[in-house]
Amino acid sequence: EDPVAGGELHARFALRIGHGHFPQRAHATVVVDRHGLKFTLLPLRNREESMPKTNWWAVLVAVLAQQALGFCWYSRALFAEVWMAGIDKRPEDLVATPGPFVLAFLSAVVLATGTAWGLQHTGRTGVKQGLLVGLGIGIAFAMPPVLVHEAFLGLPDVVLAIDGAKELVGAL
C-alpha cells in the first residue's frame, strides 16, 4: 500500500471524525513526504494569527492602476473609436457624469481587496504569483459577467472583446 495515499486517507478520516473536537480556531499543517503524511493542528492564540494582514498600499496601487488602465483603454490612442462605433455612439453622445466614475472606482476597490484576500488565503506572494491569481480571477470572475451581460444587450463581438479583455487585464 502506498504510504502517502494511506496517510492522506487516514488524515481525511481523522479530520471528518474529529472535527467537533478541534479547537474553534486552529492552524492546520499537512506535510507529505516519502514517509507519508503528517498532520499537525495547533490552536491560535489570537485573531491576528488567523488573519493575514492586508497590504493596503498594494490595494491602493492596484486601484490607481485599474483607473489608469480604464482611462488608457478607452482613449483614442487605443480602443475609443472602435468601441464607440460598436455601441453606436459618438463622443458628444457620452455625457461625463460622476456616477459611472464613482462606480468604476468602487469596483476597483472591491476587485483589489478581493484579490488581496485571495492571495492571502492561498499563501501566494510576489508579483508572479499575484499575476497568476489575478489571471484566474479575471478569467473566472471578472470577464464572464461582462461578456454575458453585453451579449444579452446585443452588442457586437468587437465590444465584447474590448470590454472582456479590459476586465481580464484589469484583474492582473
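The model shown is predicted, which means the values in this text are computed figures rather than measured ones.

Attention now moves to the packing of aromatic side chains. Applying the stated criterion across every chain, the model contains 2 aromatic pairs. Centroid distance W73 to F79: 4.9 Å. Interplanar angle 45°. Geometry classified as tilted. The class for F79 is partly exposed, based on a relative accessible area of 28%.

Let us now look at a nonpolar patch on the surface. There is a patch of nonpolar side chains on the surface, built from V127, L131, L132, L135, I139, V169 and L172 and spanning about 600 Å² of accessible area. Sort the elements by how many residues they give to the nonpolar patch and helix α6 (residues 126-152) lands first, with 5 residues. When you line up the elements, L172 lands in the segment after α7 (157-171). Judged by its relative accessible area of 46%, L172 is partly exposed.

Turning next to α7. Here α7 is 15 residues long and its end C-alpha atoms lie 21 Å apart, about the 21 Å a rise of 1.5 Å per residue gives. Those residues of α7 that fall on the buried side of the exposure criterion are V159, L160, I162, D163, G164, K166, G170 and A171. Against the buried residues of α7 lie α3 (56-73), α4 (80-86), α5 (98-122) and α6.

A separate point is the pattern of salt bridges. Taken as a whole and judged by the stated rule, the model has 4 salt bridges. The closest approach of N and O atoms between E81 and R76, which form a salt bridge, is 2.8 Å. Of the charged contacts in the structure, one is a salt bridge between K166 and E167, with a shortest N-O distance of 3.8 Å.

Here we come to the packing of α5 against α6. Put simply, α5 and α6 touch, their axes get as near as 10 Å, and they point 120° apart. By the angle class used here, α5 and α6 are oblique. The chirality of how α5 crosses α6 is right-handed. Along its contact with α5, which presents L111, T115, L119 and T122, the element α6 presents Q129, G130, V133 and I137. Of the residues that constitute the contact of α5 with α6, the class distribution is 4 nonpolar, 4 polar and no charged.

Looking now at α3. For α3, built from 18 residues, the straight-helix expectation of 26 Å at 1.5 Å per residue is met to within 8% by its first-to-last C-alpha distance of 25 Å. Turning to α3, the residues buried within the fold contact α4, α5 and α7. Among the residues of α3, the N-terminal cap falls to N55, whose side-chain oxygen and the backbone nitrogen of W57 are separated by 3.2 Å.

Rules used throughout
- Residues numbered from 1 in each chain as written.
- Predicted model: local features only at pLDDT ≥ 70, side-chain atom pairs only at ≥ 80, totals over all residues.
- Heavy atoms only, no water.
- Phe/Tyr/Trp six-rings, centres within 6.5 Å; stacked < 30°, edge-to-face > 60°.
- Buried < 20%, exposed > 50% of the residue type's maximum accessible area, 1.4 Å probe, protein only.
- Patch = residues over 30% accessible without salt bridge, like charges linked within 9 Å, V, L, I, M, F, W, Y side chains within 5 Å.
- Areas by Shrake-Rupley, 256 points an atom, 1.4 Å probe, with all protein chains shown as cover.
- Salt bridge = Lys/Arg side-chain N within 4 Å of Asp/Glu carboxyl O.
- Helix = DSSP H or I, 4+ residues; strand = E, 2+ residues; numbered from the N terminus.
- Expected span 1.5 Å × (residues − 1).
- Contact = heavy atoms within 4.5 Å.
- Axes fitted to C-alpha atoms, helices over the stretch in contact; angles between N-to-C directions.
- Parallel < 35°, antiparallel > 145°, perpendicular 65-115°, else oblique.
- Left-handed = near helix turned anticlockwise from the far one by under 90°.
- Nonpolar A, V, L, I, M, F, W, Y, C, P; charged D, E, K, R; others polar.
- Polar contact = N/O pair within 3.5 Å; in protein donor to acceptor, adjacent residues only side chain to side chain.

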